[in-house]
Structure formats: C-alpha cells, structure tokens
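Observations on chain architecture
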Amino acid sequence: MADPARSARGGPPKSESAPLPAPPRDHSHATRSLRPPRGWGAVGRGFAWSRVGKPLAVLLALVPVARLALGGVTDNLGANPIEALEHGTGLWTLRFLAITLAITPARKLTGWNWLAKYRRMLGLFTFFYATLHLLVYAGLDMTLDVGDIVEDVVKHPYVTLGMLGWLLLVPLAVTSTTAWIRRLGGRRWARLHRLAYVVAALGTIHFYWLVKKDVSEPLFYAGVFGVLLGYRALASVARRRRAARAVPAARAGDRVAAASG
Amino acid sequence: MLFKRPPDYRSSEITPEALYLDRRKFIGIAAGVGAAATAAALAPALLGGRGGSTGARLAGGMGEQKPDKLTPYEDVTTYNNFYEFGTDKEDPAQNAHTLRPKPWSVLVDGEVARPATYQLEDFIKPSTIEERVYRLRCVEAWSMVIPWNGFPLANVIRRAQPTSKAKFVELTTLFDPKQMPGQRSGVLAWPYVEGLRMDEAMHPLTILATGLYGKTLPNQNGAPLRLVVPWKYGFKSVKSIVRIRLTERMPRTTWNESASNEYGFYANVNPEVDHPRWSQAKERRLGEFLRRDTLMFNGYGDQVASLYTGMDLRKNF
C-alpha cells in the first residue's frame, strides 16, 4: 500500500501490534494532524485517562436516552410523549453531530490531542441517536404503517431530507472501525467521512423545515455547524498556503499536508 | 339545512349524559332563538333547526369511530400553542402567570348599531354558561377532547345589532408585551387576530369560552375569554380576546398573514387537504397510541357542511 497517510503516521510498523490500542492514534494522525512526530506525546499522555475516560464518556452519552426512556416509562414526557421522544432523539442527534465535529477544532485550538480518541465514538453515538429518532418516527409515530411512511418520505421534503441524512450516516457508521480505516486508507476514509458535513446540513434543514414559525432553534444549530465548517474551510486554506510556502523547504511536509487535506 | 343527516358521532359518546342533555336543550333553545331573532342573511343555517327534534336527531348517529374520551385536565392545561408566552408547548403553562385576566374589558365595534366597551362581567352576564364537549384538532395533527364552559358568540353579535354591511367578525387578542412576554419577539405579527364569516360566527357550535372542566379558564388556555370553533383548526380559536369587530371585508388573520400558502382563512379541518409540509389525513389524539383518521370538519360536518355548499374547499382551505 502506497498510501501517503501510512507514511504520514510515521510510526514503526510494530506500533500496529502494540498491546494498547492504536486506532484512535491512527485515525487522528492519518486524517488530521500536520505534525506527526510531536502529536505522539500528547496522545500518549492522555492514554491512561482514556481507560477511565472512555467508559465514562459512553455512560455520559447514554444519559439522554436513559432520561427519555425513564420519562417514557414513568409517563413524564408531557401530554404528547411520542412527539417528545421524536423531538428528543432528533435534537440529540444534532447535538452529538455538533460535538463530534467540534472535536478536531477543539483539539487544534487547545492542543489536547487525547480528544481525538473520542471522536469516532461520538460519531457512532450520533448514528445511535439518529437511528433511535428513525425508529421512534417509524415505529411509534407512524406505527410501522409502510404506506404512510413511504408517502410521508416522498411527499414531504423535510422528511425526505431527514431520511437521506440517516442513510448517509450508515456508511460512516459501518466504516468506523480500524479495519475499515486500514482497508480504505486514511485519506480516502477521511474523504468519505466528510459526508458528516453533508449530514449536518441535511439535519439542520430537516429541523428548519419542520418548525412552524419559531426558527430560532434550527438557526442556532445552523450557526454552530456554520462555525465548525467555517473553521475547517479556513484551516484548509491556511494549510494549503503553508504547504505552498513549504515546498522548497521540505517535500515530506508537503506530502503530509496532502494526506491530511 | 342544519342537522339534516345523522352525525358521525353519537353525542352521548362524547359528552357525559347530564351535560349532553344540557347541550341538547341548549342547542334547541339556541336554534329556536336564532331562527326567531336573526335575519336569514346572518344565520341561514339556523333556520333549519327545529328546536326539540334536534336532540333526537343528534343522538341517532352511527358512531364508526372509537368513542371520544375527555383529555385529562393536566394535558389540556400543559400542552398549549399560545405564542404570546413562548413557542414550546410547555411554555404557556410556565409563563402565562404574568397575564392579568382581571379586570378585563372587551370592545365590540365595527359594523354594529350598538358599539360598546364591556367589563367582562357585564359582557358575560346576559348569557347562560353552558358546558360543551368539543374535539379540538390542531393544524399540527394532534387533537384533544375538552369540556368547555361558555356561551355562543352569536349572543354577543346579536346584542351589538349588526348593520347590513357586517359580513365578517374579527377577534383580537390582548396586545401587552408586559403581560405577554412572547410579544417582544417578532415570531408573529402582534396582536394575534382571527376572523370568521358571519354565518360561521353565528353558528350555534361557535362559542366564547370562559372556562374548562367547570373551572375558570387557565391563563395558558386563553383567559379570561377565548373563541372555540370546533370544526376548524385550533389556531382559529383566538385567545384572551379584547376586541370583537364586525367588518364588511374579510379581516387579515395572523397565521394566514405569516404563511398564506400554509394557513388559510377558513382553516376547516379537512383530511383531504394536506398542509404543504405534512399530511392532515390522520391525527394523534393525545393519550392514544394509534393515530386516528381525521374527520371532515372534525366530525361536525352534519352541523356545518351546509355553510360551505358550492365552495371549493381545496382553494378555500
């Protein structure tokens, strides 16, 4: 495999068979980092933490669904519990997507590279909440009436977009494993996972078209995603400039930049 | 003609028996009074109502739908669209304490011989408060069954003596951002205004409510005085009314003004005419799991369909 991402990772081959998991490392480096050698230290420092941190993060990420489920069981979701579940799972999908997409900018701005370890997990929780949202819609709201669902998806654009958004999340969830990163190569994998931005746009418009009049909440999410995508656009421009300047100095650096593009 | 065909629901299924008998009596009286006192132009529908026989006819319907159960008081008073207090359903119950429904006055003016400002007590006094159990169908495809306390809007209109120019009735909500904090936002063009055609306003099913479940109307439900038009989507039933104006021209109405392709002036419940963004064929009755089929005119077709004879309801949605 002549994948530049591999060379960008820079570690000796044995790092792949290291007893402690390399995947987040692979992922963050292959796809994002500009400075392979220095990044290692930070990731390494956070490592011990992630033993506690990951299970803790999983528990935290399950709090919203637990609260919704508890509310459902104890009849505390208000007068229209199905709607409450539908809106709750939908909102948490957008929130997890925003948190997932915020990891890289946060990491770059703070230098906390250990954050990268949580990114794929958060992405999977986005898919988890999106799937719950779909199940509540299809199973509870439409009570699995296939005719009604098909009609709804075809006739009502906001439903169409929501369904499309979920469909686009499926390949991202499937390829979220380390094996798939290897199979696709970091660069192609990263490119595929840019679909997350498309999903962010679809999800926001889905929300915007749904509300009757008060669009302040959808606009809030539009703003959040706007900032997150805007950051990436600026970062990419800056990276390209830096790379252009660096050409005479170091060819290797150029390749790294391309790999992380 | 009013009450000609049997209705979709047995009224006895909707209403507790005692109340139901009251209502029968009421409709009888209203129809009788209406027929006697009102010009044909104002209430053509009423002319068909023949007092005593009405109740028997209403009771003779075949109820294919599941019976209506009252929506619990808790749900009726915590799940509200009342943007003057916020746009979430829970907002009005939390925020409407700032509304001061006492003292309250109502202005009746426009195309009437006797315009006047009434203190609320004087406004209500001439009418007998009746209990009416109505289905409420929201344009958002959910519904409730609510026992209202109120009196026919027709009483008020008759007292004001409409002129021959009076073709529509415009009803306006209080405008006071201090009492209604939601009015500080520009989400709708305040004050909230709704309107009815004269024959719709004079129809015996159209009431001004002062209470529900036998209690004073809670602020979040539109205290102290709100409209209830059971065969139209809920947004027609304007809350916290301060002005009733009779007009020659069709009044501007708030939701119609905000999105005219989505919310029409008539806004009759109609399962065949979808909202552009969602279907109106079914509805979720709060408290029920399976959605119900939405009924034409919210199940009040026998009483009101004749008002729209010859009208294209797809165009006049």
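Heads up: these notes are all about the structure in this document. (Residues numbered from 1 in each chain as written. Chains lettered and ligands numbered in written order. Predicted model: local features only at pLDDT ≥ 70, side-chain atom pairs only at ≥ 80, totals over all residues.)

A few words now on the overall build of chain A. Summing up its helical and strand segments, chain A has 12 helices and 0 strands in all. The helix and strand sequence of chain A, counted from the amino end, reads α-α-α-α-α-α-α-α-α-α-α-α. In chain A, which comprises 261 residues, the share counted as buried stands at 30%. Here the contacts in chain A between residues at least 6 apart in sequence split such that 68% fall between residues at least 24 apart. (Helix = DSSP H or I, 4+ residues; strand = E, 2+ residues; numbered from the N terminus. Buried ≥ 20, exposed ≤ 12 C-beta atoms within 10 Å, placed from the backbone. Contact = placed C-beta atoms within 7 Å.)

Here we take up the nonpolar core. Among the nonpolar cores identified, the biggest contains 67 residues, and Leu-153, Ile-157, Val-169, Leu-208 and Leu-227 of chain B are the most heavily contacted of them. For Ile-157 of chain B, the residues in contact, after removing those within four places along its chain, are Pro-162, Val-169, Ala-201 and Met-202 of chain B. Grouped together as the second largest cluster of nonpolar side chains are 28 residues, Ala-61, Ile-82, Leu-94 and Phe-225 of chain A included. (Core = buried A, V, L, I, M, F, W, Y, C linked by C-beta atoms within 7 Å.)

So, on to the packing of helix H5 (residues 119-141) of chain A against helix H7 (residues 157-174) of chain A. Each pair of packed helices can be described by the angle between their axes along with the distance between the axes. All names here are of chain A. Remark: H5 packs on H7, axes separated minimally by 10 Å, with the N-to-C direction vectors making an angle of 140°. When the axes of H5 and H7 are compared, the pair comes out oblique. As H5 runs across H7, the sense of the crossing is left-handed. Where H5 abuts H7, its residues Gly-123, Leu-124, Thr-126, Phe-127, Ala-130 and Leu-134 lie against Trp-166, Leu-169, Leu-172 and Ala-173. In terms of residue class, the contact of H5 with H7 is made up of 8 nonpolar, 2 polar and no charged. (Axes fitted to C-alpha atoms, helices over the stretch in contact; angles between N-to-C directions. Parallel < 35°, antiparallel > 145°, perpendicular 65-115°, else oblique. Left-handed = near helix turned anticlockwise from the far one by under 90°. Nonpolar A, V, L, I, M, F, W, Y, C, P; charged D, E, K, R; others polar.)

All names here are of chain B. Tracing the backbone shows Lys-125 in the loop between helix H6 (120-124) and strand E3 (130-137). With 9 C-beta atoms packed within 10 Å, Lys-125 lands in the exposed category. Taking the C-alpha atoms as reference, Lys-125 lies 34 Å from Arg-184; in sequence the two are 59 residues apart.

The pairing of strands in a sheet comes from backbone hydrogen bonds and takes either a parallel or an antiparallel form. All names here are of chain B. Across the sheet, 5 strands lie side by side as E2-E1-E10-E5-E6; this open sheet has mixed pairing. If you trace the sheet from one side to the other, it starts and ends with strand E2 (116-119) and strand E6 (193-197), each paired once. Taken over all neighbouring pairs, the strand axes of this sheet differ in orientation by 15° on average, direction set aside. Pairing of strand E5 (residues 168-173) with E6, which is carried by 5 bridges, proceeds in the antiparallel orientation. Bridging from a neighbouring strand, Leu-171 pairs with Glu-194 of E6. (Pairing = 2+ DSSP bridges.)

Time to look at the interface of chain A and chain B. The partner chain B presents 16 residues to the 11 residues of chain A that form the contact. Tallied by class, the residues present in the side of chain A that touches chain B amount to 4 nonpolar, 4 polar and 3 charged.

Time to look at the pairing of strand E4 (residues 142-152) of chain B. Residue and element names in this part refer to chain B. Of all 11 residues in E4, 9 are buried, a share of seventy percent or more. Sheet topology places E3 next to E4; 8 bridges connect them, and they run antiparallel. Note on E4: the bridge partner recorded for Arg-132 is Trp-148. Between E3 and E4, which pair antiparallel in sequence order, lie 4 residues; one of them, Ala-141, sits at a positive phi of approximately 75°. Strand direction decides the pairing type here: E4 and strand E11 (residues 282-285), joined by 2 bridges, are parallel. Bridge pairing in E11 places Trp-142 opposite Arg-284. Pairing analysis gives 5 bridges linking E4 to strand E7 (residues 207-212), with the strands arranged antiparallel. From the neighbouring strand, Pro-152 faces E7, where its bridge partner is Ile-207.

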